[in-house]
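# Secondary and tertiary structure notes
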Amino acid sequence: MLTQKQIDDVVAFHGHHCPGLTFGMRIGDWVFREFGRAEDEEIVAVVETDMCSVDAIQFLTGCTFGKGNFIFLDYGKNAYSFFRRSDGKNVRLVTRGGLLYHLREEQNQLAKDDFEERKKIRQKMIEKILSADFEEIFAISPAQIPMPETAKIHTSIRCEQCGEMAMSTRIETVNGKLFCIPCRKKIEISS
Ligand SMILES: [Zn+2]
Ligand SMILES: [Zn+2]
């Protein structure tokens, strides 16, 4: 289970305490126990949302955007896959969604400016997420995609339009001239 210090640290990292972050805490805690922690790239996360939950996951699992072992797919789903490089162990966790149903109904009955009651309901949601059985919150299945490749370091090339350096894999040649992505987009728009 999460310690109060872990909860406090995640909240400090994220900036506020919210139900979304709490879902992420449960995931991060579970993955840490099932997969270990990624000091380097041992564990890879592939998340299908960019909501609050992913901050808790980065903080608790050591899978971070900057290390390249935290991959975002913009699908708008509360789905999270994890892979362990050493043995290929993998999982996909999907939020079931029913857990907060009654509290959300209650929340919908409240006036928009009833901040006091809204705050109480959010607190109830957080407590419910913290205390529920893991499998009541998440459906657990094998990952549906292959393990992502390790993050590679690429050389940089200068864009001939803006003069800025960009990773070679993000440079494209148009009419014999090297373009970075934003510069290429600009010529697409103007042509
Ligand atoms: Zn939040
Ligand atoms: Zn450019």
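Just above, that's the structure.
Figured I'd write up the structure that's included with this text. (Residues numbered from 1 in each chain as written. Chains lettered and ligands numbered in written order. Predicted model: local features only at pLDDT ≥ 70, side-chain atom pairs only at ≥ 80, totals over all residues.)

### A look at the overall build of the protein chain
Each helix and strand counted, the protein chain has seven helices and nine strands in total. Computed over the C-alpha atoms, the radius of gyration of the protein chain is 21 Å, more than 25% above the 16 Å expected from 2.2 N^0.38 for a compact globule of 191 residues. If you line up the protein chain on its principal axes, its C-alpha atoms span 60 × 45 × 30 Å. Expressed as a percentage of its 191 residues, the buried residues of the protein chain come to 28%. Sequence separation of 24 or more characterises 62% of the internal contacts of the protein chain that already satisfy a separation of 6 or more. (Helix = DSSP H or I, 4+ residues; strand = E, 2+ residues; numbered from the N terminus. Rg over C-alpha atoms; globule rule 2.2 N^0.38 Å. Buried ≥ 20, exposed ≤ 12 C-beta atoms within 10 Å, placed from the backbone. Contact = placed C-beta atoms within 7 Å.)

### Side note on the nonpolar core
Among the nonpolar cores identified, the biggest contains 30 residues, and Ile43, Ala45 and Ile57 are the most heavily contacted of them. Where this core is concerned, the elements lending two or more residues are α2 (19-35), β1 (43-47), α3 (53-61), β3 (79-84) and α5 (115-131). For this core, the element with the highest residue contribution is α2, accounting for seven residues. Leaving out residues up to four positions away in the same chain, isoleucine 43 has contacts with Phe35, Gly36, Ala38, Thr61, Gly62, Cys63, Asn69, Phe82, Phe83 and Arg84. One finds Cys159, Ala166, Cys180 and Cys183 within the second-largest nonpolar core, a separate group that totals six residues. (Core = buried A, V, L, I, M, F, W, Y, C linked by C-beta atoms within 7 Å.)

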